[in-house]
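# Observations on the three-dimensional arrangement
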Amino acid sequence: MADSWSWFPALAVGVSLLKCLFIGGYRSTDFEVHRNWLAITHSLPVSRWYHENTSEWTLDYPPLFAWFEFALSHAAQHFDSDMLVVEKLNYSSPAAVLFQRLSVIFTDLLFIFAARECCRCVQEQKGSRDVLNQPPFILAALLLWNFGLLIVDHIHFQYNGFLFGFLLLSVAKHLQSRHLQGALLFAVLLNLKHIYLYVAPAYGIYLLRSYCFTQDNKDGSVRWSSFSPLRLFTLAGIVVSVCTLSFGPFIVTGQLPQVLSRLFPFKRGLCHAYWAPNIWALYNVLDKSLTMLGVRLKLLDEAELPRASMTGGLVQEFQHSLLPSVSPFITLVCTLLAILPALASIWWRPRGARGFLRCLLLCALASFIFGWHVHEKAVLIAILPLSILAVESKEDAGIFLMLTSTGHYSLFPLLFTPAELPIKVVLMLMFTIFSFSALRKLHSGRGPLLCPLEVLYLLGLVAVAIACEFVFPLSPWQQKLPFLPLLATSVYCSLGVCYSFLRLYISLLRHEEKPKQP
């Protein structure tokens, strides 16, 4: 297939043009967050970046992202200099909107390049001349046209595509056995957004086991004598160098404690405002249900219950009524226990870079399911890399379909205005139909991708979507129980996300054959 890659620019240009159509659409408060950060980094000295609090949207990303905003601000001044004034809160002139929207589209070029590198890491099917049925094409479409990334970045507004570009490029470098480049890219990513600490354990164990130890015994166990201190010092040097460049100015000026207090605000509640579909959503609902039952049976005095547990919104609960309240430490312990088997697996039975990728996915999902104050958008950290495995394995394709269907639908509450309803419905339908049809055709002859119970669950998800998006807004319950659609979405999607996590874990632990690829 000499010209097999001629389709990639068409996919990239097509999705970029689609993004341009959303420039004038709905935008969330994250738009003002990033405008304020542009103003802070442009107008104030470095010593005040992490102290400035004129706006409630204070700078709470690592320093390297602050320098990224600083660089963008120099381009922004040519569009509208007023947007760089800290005191101009909620500023959104047409020029400011145009610049910020275009900045996301432009920085997505890194994501496009990373997607191409990932596509080069999967093998084409021999004997098939149909480009549309080739793993590289399907993977490119799943990445570039990912529904979640489109609505989160180009409607809701964020720079996740730019960040995921570093993550996918790092994964691709490891798949290509270029481990130092992969480590450097991930170190940069951590200093851009610390949420990627979720997957840092997978990187640490994999690089220590498969890069610093250069040989295995015949039974696959580690050969301790093969440890290379030079390789370890090289990796450490990369990480320390990047962190020094990022945090150095703040360490020298004694501001490190202030920066860290912004990065890790544990005073926030257990759940984010939109209730990420994880174990704590189920835990909160169980506590709420038991409380309501106790009040109805007159076993509990409603007046003595914590007020937050009985309010309508069910947002950011700090205290549970009946079940033990959950602290950040508890969520940390749960997360560590959830990832330990995966980390142990790639240590004792390393399966190359694809074993590392599977461990990375499990770390991402474990942190999403058990983490503290998790944002619903964090599910994309697992969905996007899983696309690589989905085009290579029938079993992983089934997990991908379950996780994308539930994870993507859980993002629907982010776009709550009526004007965006047809957009999000059409975009998700397009992506979902393509995913099911392309992966089913790619893995044809190997049995169904989903079992009957999984199909039944997804049909239930369709019913939940119809009820929440179309029926509920027309019902009298909208005024009395406005939180009900969010509650139903979070609880139902939590089941699918947790199930996908368990299936992915089972596939890791029972996979005994050694890798054929690095």
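Refer to the structure above for everything that follows.
Right, let's walk through the structure included here. (Residues numbered from 1 in each chain as written. Predicted model: local features only at pLDDT ≥ 70, side-chain atom pairs only at ≥ 80, totals over all residues. Heavy atoms only, no water.)

Across its full length, the protein holds 20 helices and zero strands. Here the C-alpha atoms of the protein give a radius of gyration of 23 Å, agreeing with the 24 Å that 2.2 N^0.38 yields for 518 residues. Judged by the C-alpha coordinates and their principal axes, the protein covers about 65 × 60 × 45 Å. Across the 518 residues that make up the protein, the buried fraction comes to 56%. When the accessible surface of the protein is split by element, carbon and sulfur atoms take 67% of a total near 22700 Å². (Helix = DSSP H or I, 4+ residues; strand = E, 2+ residues; numbered from the N terminus. Rg over C-alpha atoms; globule rule 2.2 N^0.38 Å. Buried < 20%, exposed > 50% of the residue type's maximum accessible area, 1.4 Å probe, protein only. Areas by Shrake-Rupley, 256 points an atom, 1.4 Å probe, with all protein chains shown as cover.)

Let us look at the packing of aromatic side chains. Tallying each qualifying case throughout the model produces 34 aromatic pairs. Ring geometry for Phe79 versus Phe99: centroids 5.1 Å apart, planes at 55°, classification tilted. Residue Phe79 is located in the loop between α3 (63–76) and α4 (94–119), and its partner Phe99 is located in helix α4; the two are separated by 20 residues in the primary sequence. Just above the ring of Phe31 sits the side chain of Arg27; from NZ or CZ to the centre is 5.0 Å. (Phe/Tyr/Trp six-rings, centres within 6.5 Å; stacked < 30°, edge-to-face > 60°. Lys NZ or Arg CZ within 6 Å of the ring centre and 35° of its normal.)

Mapping Arg35 onto the fold places it in helix α2 (residues 29–43). The exposure class of Arg35 is buried, given its relative accessible area of 0%. Considering only alpha carbons, one finds Arg35 and Ala66, 31 residues apart in sequence, at a separation of 12 Å. For Arg35, the contacting residues outside a window of four places in its chain are Met83, Val85, Val86, Lys88, Leu89, Asn90, Tyr91 and Gln100. (Contact = heavy atoms within 4.5 Å.)

Turning to α3, a few remarks are in order. Note that an α-helix has 3.6 residues per turn; residues three or four places apart therefore point the same way. Taking 1.5 Å of rise per residue, the 14 residues of α3 would be expected to cover 20 Å, and the 19 Å separating its terminal C-alpha atoms lies within 8% of that figure. Taken as a whole, α3 has its buried residues at Pro63, Phe65, Ala66, Phe68, Glu69, Leu72, Ser73 and Ala76. (Expected span 1.5 Å × (residues − 1).)

Taken together, the side chains of Phe329, Ile330, Leu332, Val333, Leu336, Leu337 and Leu340 present a nonpolar region at the surface, about 650 Å² in accessible area. Relative to the assigned elements, Ile330 resides in helix α13 (residues 328–348). Residue Ile330 is classed as partly exposed on the basis of its relative accessible area of 37%. (Patch = residues over 30% accessible without salt bridge, like charges linked within 9 Å, V, L, I, M, F, W, Y side chains within 5 Å. Salt bridge = Lys/Arg side-chain N within 4 Å of Asp/Glu carboxyl O.)

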